[in-house]
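Reading the structure
Below are the chains, spelled out letter by letter.
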Amino acid sequence: ALGDEKYKQLSKDLANVQISNMQAMGGSMETDAGKQLMRMASGDETYPPDVLKNIARRTYADLTNLDMQATAASKFAKKYGDSNLNTFKQQWAQNADSKVFEAMSLFENIKDPSKRKDEIDRLLGNNPEQRQQFFQKYNNIKKLTATGEL
């Protein structure tokens, strides 16, 4: 499968989406990760299927983050004005854990409840305190997205 042209194209397309996400989030293409993505997007370099699957999940989570953040920022700006967006950015950053968005995407994309639970447990771990923190961040993100404020 690694030599298949469709697989190579999928790897390139996924790298291009990651590049767009990285730039939208203010990341630099000058980092090692950025340079690696550029090589992936323009060359023949590919990842094994399991690695590619994990990258796709994280990339989908990043897209979810960007979409929800845009919705929430718009609602915040309507209430408090664009000049106060730094307050919103701080609230979002305090709650925008990538694992929260990845768990959201797992919940949306895995239809089998037992597989979904296994994947979310693997992602979030078994520590009750950490799970509670993730749940609190999830609730805060949902509230920010719905209302623009905590």
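Please refer to the structure higher up on the page.
Residues numbered from 1 in each chain as written. Predicted model: local features only at pLDDT ≥ 70, side-chain atom pairs only at ≥ 80, totals over all residues. Heavy atoms only, no water.

A closer look at helix α4 (residues 85–95)
Listed as buried for α4 are Phe88, Gln91, Trp92 and Asn95. The arc that holds every buried residue of α4, seen down its axis, measures 95 degrees, which confines them to one face. Residues of α4 that are exposed and angled more than 90 degrees away from the buried face: Asn86, Gln90, Ala93 and Gln94. Next to the buried residues of α4 lie α3 (49–80), α5 (98–109) and α7 (128–147). (Buried < 20%, exposed > 50% of the residue type's maximum accessible area, 1.4 Å probe, protein only. Helix = DSSP H or I, 4+ residues; strand = E, 2+ residues; numbered from the N terminus. Arc of directions from axis to C-beta. Contact = heavy atoms within 4.5 Å.)

Some thoughts on the nonpolar core
In globular proteins that are soluble, nonpolar side chains generally tend to be buried together. Membership of the largest hydrophobic core comes to 19 residues, with the highest contact counts inside it found for Met68, Phe88, Trp92, Phe101, Met104 and Ile141. When residues of this core are traced back to their parent elements, those giving at least two are α3, α4, α5, α6 (113–124) and α7. Once residues lying within four places of it in the same chain are set aside, the contact partners of phenylalanine 101 are Ala61, Thr64, Asn65, Met68, Trp92, Ala96 and Ile141. In terms of nonpolar packing, the next biggest core, distinct from the first, is built from seven residues, Ala15, Leu37, Met40 and Ala41 among them. (Core = buried A, V, L, I, M, F, W, Y, C linked by side-chain atoms within 4.5 Å.)

Considering the pattern of salt bridges
Oppositely charged side chains may form a pair once their charged atoms are brought near each other. Inspection of every chain in the model, using the stated rule, returns six salt bridges. Between lysine 117 and aspartate 121 there is a salt bridge; the shortest N-O distance is 2.6 Å. Pair noted here: lysine 117 and aspartate 121 are both in helix α6, with a separation of four residues, about one helical turn. Two residues, aspartate 121 and arginine 131, come together in a salt bridge whose shortest N-O distance is 3.0 Å. Taken together, the positions of aspartate 121 in helix α6 and arginine 131 in helix α7 put the pair 10 residues apart, joining distant regions of the chain. Residue arginine 131 is classed as partly exposed on the basis of its relative accessible area, which comes to 28%. (Salt bridge = Lys/Arg side-chain N within 4 Å of Asp/Glu carboxyl O.)

Read these as geometric descriptors, not functional statements.
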